[in-house]
Amino acid sequence: MKAQLLTDSFGRVHDYLRISLIDTCNLSCTYCAPVLKAIKTNNNKIMTADEIEKLASLFCDFGIKKIRLTGGEPLLRKDFSDIIYRLAKLNITLAITTNGVFIDSYLNDFLACKIRSVNVSLDTLQKEKFNQITKRNEFEKVMSNIHLLIQNNFHVKINAVVMKGVNENETLDLIMLSENLPIHIRFIEYMPFSGTSWNKEQVYDIKNIIEEMSNKFEIEKLIDDKNDTAKKYKVKNFKGTFSIITTMTDPFCETCNRLRLTADGKMKNCLFAEDETDLLTPLREGKNISELIFKNVMQKHWQQGGQEINEHTHNRNMMTIGG
Ligand code: SAM
């Protein structure tokens with residue numbers, strides 16, 4: 001029997017699920033961590049490895065082909081290895097987004113679980129600025145782990161949130177990393193989430209990067225994947241690529257194929273969706289949750305959770321959604 005796919009009311013088919021494993025992080029980035037100390041979610045409200053496996057497997061029955069693990073910091077979970085060994089048994093591409101600090105401890109597990117694509121967040125190449133942004137002293141560790149991934153032939157993407165007055169003057173330096181390394185730099189526009197000190201004056205229109213780079217180098221536009229959020233470019237003769245994710249200035253919801261599961265088991269059909277569907281409670285009560293999943297998908301708005309995206313947007317903070 002053919003599987004029922006996760007198709008929304010606009011005909012968009014969803015085959016990509018991002019699962020947040022945890023809602024805490026060892027870094028405290030200015031643009032991500034709440035200004036006020038976050039209240040730690042009670043451990044029994046967070047999905048167990050068993051529940052993550054059950055939910056992931058159910059989503060796969062409905063056509064999910066790719067799962068990205070995120071957080072908080074996914075590698076902070078004590079049972080992280082157990083989780084990826086369980087998910088590796090599913091017929092999916094498994095990927096991860098991490099701040100990079102603990103990669104060396106899990107490299108062999110990544111390899112064993114066929115995780116070949118790792119996104120590492122890095123907003124600056126200046127140690128002092130790294131410490132200011134993340135409020136932790138882990139720059140060297142992150143850089144050495146990025147090199148470790150490359151030496152082991154991983155597909156490495158660097159996620160850099162660009163903020164005016166903070167790091168918009170470093171985009172060229174970051175792209176220069178791709179001159180001799182097969183690395184993929186992705187610039188992300190600064191987005192507003194509850195509890196952070198976002199203001200619209202700090203949003204940098206990252207389309208400017210294309211013009212700046214064209215003035216200095218010969219750049220090529222690459223073909224984007226069908227559902228990719230990033231528009232990809234390459235400096236001629238560089239080993240790696242760079243791309244821009246224009247969530248704020250030029251949203252790309254038309255081709256969205258993503259769904260999200262928060263660490264406390266709530267399904268969100270968009271990063272900016274205010275409404276969420278609790279899957280964990282009914283799962284624990286032994287109820288059938290398939291209908292809830294399809295209902296959530298059908299309720300998906302056409303664009304950005306049906307909200308105006310500004311300082312008044314209603315949402316959780318990124319740490320508790322899973323970026
Ligand atoms: N801890 C992991 C990490 O650092 O990559 C995974 C979670 S983090 C929330 C996932 C991604 O969200 C990171 O690449 C981060 O840069 C991005 N992010 C967080 N807050 C953001 C914001 N306000 N605007 C744009 N991107 C943001």
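That block above? That's the structure.
Student: Whenever I open this one, the overall build of the chain confuses me. Can you help?
Tutor: Across its full length, the chain holds 10 helices and 14 strands. Computed over its C-alpha atoms, the radius of gyration of the chain comes to 19 Å, within 12% of the 20 Å expected for a compact globule of 323 residues. With the C-alpha coordinates of the chain rotated into their principal frame, the extents come out at 60 × 45 × 40 Å. The buried share of the chain, reckoned over its 323 residues, is 56%.

Student: Sorry, what's going on with the packing of helix 6 (residues 171–180) against helix 7 (residues 208–216) here?
Tutor: The angle between the axes and the distance between the axes are what describe a pair of packed helices. One can describe the packing of helix 6 onto helix 7 by two numbers: an axis separation of 11 Å at closest approach and a directional angle of 65°. Viewed along their axes, helix 6 and helix 7 form a crossing whose handedness is right-handed. From helix 6, Thr-171, Leu-172 and Ile-175 reach across to helix 7, where they touch Ile-209, Glu-212, Met-213 and Lys-216. For the contact of helix 6 with helix 7, the residue count by class is four nonpolar, one polar and two charged.

Student: In this structure, what is going on with the sheet that holds strand 14 (residues 277–278)? I would like to understand it.
Tutor: Across a sheet, paired strands are connected by hydrogen bonds in the backbone, their directions being either parallel or antiparallel. Spatially, the 12 strands line up as an open sheet ordered 9-10-11-8-7-6-5-4-3-12-13-14, and their pairing is mixed. What marks the edges here is a single partner per strand, and that holds for strand 9 (219–221) and strand 14. Pairing analysis gives five bridges linking strand 3 (residues 16–20) to strand 4 (residues 66–70), with the strands arranged parallel. Bridging from a neighbouring strand, Leu-17 pairs with Ile-67 of strand 4. Packing of helix 6 onto the sheet brings it into contact with strand 7 (155–162), strand 8 (183–189), strand 10 (231–235) and strand 11 (241–245), and relative to strand 8 it is tilted by some 155°.

Student: Sorry if this is basic, but what is going on with the site of the ligand here?
Tutor: Close to the ligand lie 19 residues; Tyr-31, Gly-72, Glu-73, Ser-121 and Met-191 are nearest. The contact in question runs from a nitrogen atom of the ligand to an N or O atom on the backbone of Tyr-31, over 3.0 Å. The contact in question runs from an oxygen atom of the ligand to an N or O atom on the side chain of Ser-121, over 2.6 Å. Burial of the ligand by the protein chains amounts to 95% of its free accessible area of 550 Å². Elements with a contribution of two residues or more to the shell around the ligand: strand 5 (93–98), strand 7 and strand 8. When grouped by side-chain class, the residues that make up the shell around the ligand number eight nonpolar, nine polar and two charged.

Student: When you look at helix 6 in this model, what are you seeing that I'm missing?
Tutor: Residues spaced three or four apart along an α-helix face the same direction, because each turn holds 3.6 residues. Within helix 6, the full set of buried residues consists of Thr-171, Leu-174, Ile-175, Leu-177 and Ser-178. Projection of helix 6 onto a plane perpendicular to its axis shows the buried side chains occupying an angular sector of 130°, all on one side. Here the buried face of helix 6 lies against strand 7, strand 8, helix 7, strand 10 and strand 11.

Student: I would appreciate a short explanation of helix 1 (residues 49–61) in the present structure.
Tutor: Here helix 1 contains 13 residues, and its C-alpha end-to-end distance of 18 Å stays within 8% of the 18 Å for a straight helix at 1.5 Å per residue. All of the buried residues along helix 1 are Ala-49, Glu-51, Ile-52, Leu-55, Ala-56, Phe-59 and Cys-60. Positive backbone phi, at 100°, marks Gly-63, one or two positions downstream of helix 1.

Student: Even after reading the chapter, I still don't get the packing of aromatic side chains, so can you show me in this structure?
Tutor: For any two aromatic rings, the description comes down to two numbers: the centre-to-centre distance and the angle of the planes. In the structure shown here, the tally under the stated rule is nine aromatic pairs. Measuring from ring centre to ring centre gives 6.2 Å for Phe-80 and Phe-110, while their planes differ by 70°; the resulting arrangement is edge-to-face. Separated by 30 residues along the polypeptide, Phe-80 in helix 2 (residues 80–87) and Phe-110 in helix 3 (residues 103–112) bring together distant segments of the chain. Classification of Phe-80 by relative accessible area gives buried; the value is 0%. Connected via pairs of aromatic rings, a cluster forms that spans Phe-80, Tyr-106, Phe-110 and Phe-154. Above the face of the Phe-154 ring, Arg-116 is positioned so that its terminal group lies 4.5 Å from the ring centre. Here Lys-221 stacks its cationic end above the ring of Tyr-233, 5.0 Å away from the centre of that ring.

Student: Can you help me understand unusual backbone geometry in this one?
Tutor: Phi is positive for Lys-114, which is not a glycine, with a value near 60°. By secondary structure assignment, the location of Lys-114 is in the loop between helix 3 and strand 6 (117–121).

Student: Help me out: how do you make sense of the packing of helix 1 against helix 2 in this one?
Tutor: The N-to-C vectors of helix 1 and helix 2 enclose an angle of 25°; their axes lie 10 Å apart at closest approach. Of the possible angle classes, the one that applies to helix 1 and helix 2 is roughly parallel. The two elements helix 1 and helix 2 cross, and the hand of that crossing is right-handed. Residues Ala-49, Asp-50, Ile-52, Glu-53 and Ala-56 of helix 1 lie in contact with helix 2, whose contacting residues are Asp-82, Ile-83, Arg-86 and Leu-87.

Student: Can you help me understand the pairing of strand 10 in this one?
Tutor: Every regular strand shows the same layout, with side chains that alternate between the two sheet faces. Within strand 10, four of the five residues are buried, which leaves the element mostly enclosed by the surrounding structure. As paired elements, strand 9 and strand 10 share three bridges and run antiparallel to each other. Following the sheet pairing, Ile-219 is matched in strand 10 by Val-235. Two elements, strand 10 and strand 11, share three bridges in a ladder whose sense is antiparallel. The partner of Lys-232 across the bridge, within strand 11, is Ser-243. Once strand 10 ends, the chain turns through five residues before running back antiparallel as strand 11, passing Asn-237 with a positive phi of about 75°.

Rules used throughout
Residues numbered from 1 in each chain as written. Predicted model: local features only at pLDDT ≥ 70, side-chain atom pairs only at ≥ 80, totals over all residues. Heavy atoms only, no water. Helix = DSSP H or I, 4+ residues; strand = E, 2+ residues; numbered from the N terminus. Rg over C-alpha atoms; globule rule 2.2 N^0.38 Å. Buried < 20%, exposed > 50% of the residue type's maximum accessible area, 1.4 Å probe, protein only. Axes fitted to C-alpha atoms, helices over the stretch in contact; angles between N-to-C directions. Left-handed = near helix turned anticlockwise from the far one by under 90°. Contact = heavy atoms within 4.5 Å. Nonpolar A, V, L, I, M, F, W, Y, C, P; charged D, E, K, R; others polar. Pairing = 2+ DSSP bridges. Near = heavy atom within 4 Å. Polar contact = N/O pair within 3.5 Å; in protein donor to acceptor, adjacent residues only side chain to side chain. Areas by Shrake-Rupley, 256 points an atom, 1.4 Å probe, with all protein chains shown as cover. Arc of directions from axis to C-beta. Expected span 1.5 Å × (residues − 1). Phe/Tyr/Trp six-rings, centres within 6.5 Å; stacked < 30°, edge-to-face > 60°. Lys NZ or Arg CZ within 6 Å of the ring centre and 35° of its normal. Parallel < 35°, antiparallel > 145°, perpendicular 65-115°, else oblique.

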